[in-house]
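Chain by chain, the residues run as shown.
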Amino acid sequence: MTVTDEALNRAADTATGGTGGDTAGAHVAAALARDLDDGFAALYEAYRGAVFSTALRLCGRWAEAEDLSAEAFLRAYRALAGYDAGRIAGLKPRAWLLTILTNVWRNSLRSAARRPAAAPIEDAPDPPDPGEGVEDAATRRETGRELAGLLARLPHQQRAAVVLRHVTDLPVAEIAAVLGLPEGTVKSHISRGLARLRDLRAAPDRTPPDQADQAGAGRAAPGRTAAHPEQKGGHR
């Protein structure tokens, strides 16, 4: 299902109630209820970092993460314009925004499946810290590149659960609301995702996709016979 007004409404319904670990949530929701434009500026300032970091780890590409983040905020603004003040005041903004983001990301995966294969995962370091030293920045960049590659090899649900828990630092209950899954299922996705990441890091398969395709080119395609015996020797 694509992100529609109905999906946004469900996201809002699952993101109402107490603010939990979202310390800025009550302030942002109150600001939105008072004035949409001023409140949206507060929403953006409070959550742009979390939204972008989550998008970056989900997709692994900086430019694509920027596009996903921008689309998520755009859809959020359009949805808020149709909510009454009472509904806005009851929002848990972080969970609501990340629900929209993950829906946008899932839609992008469906669209990508209908297009030619994309380029390999690019370097995806975390957003820079102005106070960070050169050595730390270099280490973080290498770690970011490795993590992006490993995360890209997880099943989508496991990747989302691991990113939301260990990159965005959401509690399990909030992840369950974002993904629309029971808490037990979320815990299972996190556990299995982390186990898979450990296995991949311990024994990574470094064969690039293009080399893997070339290796498989020598195997007989379905419905075709193997090379004729007289071809085995080849022309010398």
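Residues numbered from 1 in each chain as written. Predicted model: local features only at pLDDT ≥ 70, side-chain atom pairs only at ≥ 80, totals over all residues. Heavy atoms only, no water.

Draft legend 1. Summary view of the packing of aromatic side chains. The tally for this structure, following the rule as stated, stands at 5 aromatic pairs. With a centroid separation of 6.2 Å and an interplanar angle of 90 degrees, the aromatic rings of F40 and F73 are classed as edge-to-face. Linking F40 in helix α3 (residues 36-59) with F73 in helix α4 (residues 62-80), this pair joins segments that are 33 residues apart in sequence. The burial state of F40 is the same as that of F73; both residues are buried. Taken together, a centroid distance of 5.0 Å and an interplanar angle of 65 degrees make the contact between Y44 and F73 edge-to-face. Here Y44, found in helix α3, pairs with F73, found in helix α4; they are 29 residues apart in sequence, far enough to count as distant. One residue, R87, lies across the ring of Y83, its end atom 4.3 Å from the ring centre. (Phe/Tyr/Trp six-rings, centres within 6.5 Å; stacked < 30°, edge-to-face > 60°. Helix = DSSP H or I, 4+ residues; strand = E, 2+ residues; numbered from the N terminus. Buried < 20%, exposed > 50% of the residue type's maximum accessible area, 1.4 Å probe, protein only. Lys NZ or Arg CZ within 6 Å of the ring centre and 35° of its normal.)

Draft legend 2. Highlighting the nonpolar core. Counting residues in each nonpolar core, the largest one holds 47 residues, and the members touching the most others are L43, L80, W96 and L97. Elements that contribute at least two residues to this core include exactly α2 (25-34), α3, α4, α6 (93-113), α7 (134-151), α8 (156-166), α9 (172-179) and α10 (183-202). Among the elements that make up this core, the one with the highest residue count is α3 (9 residues). Discounting residues that sit within four places of it in the chain, L97 has contacts with L43, Y47, V51, F73 and A76. (Core = buried A, V, L, I, M, F, W, Y, C linked by side-chain atoms within 4.5 Å. Contact = heavy atoms within 4.5 Å.)

These figures come from the coordinates and say nothing about function on their own.
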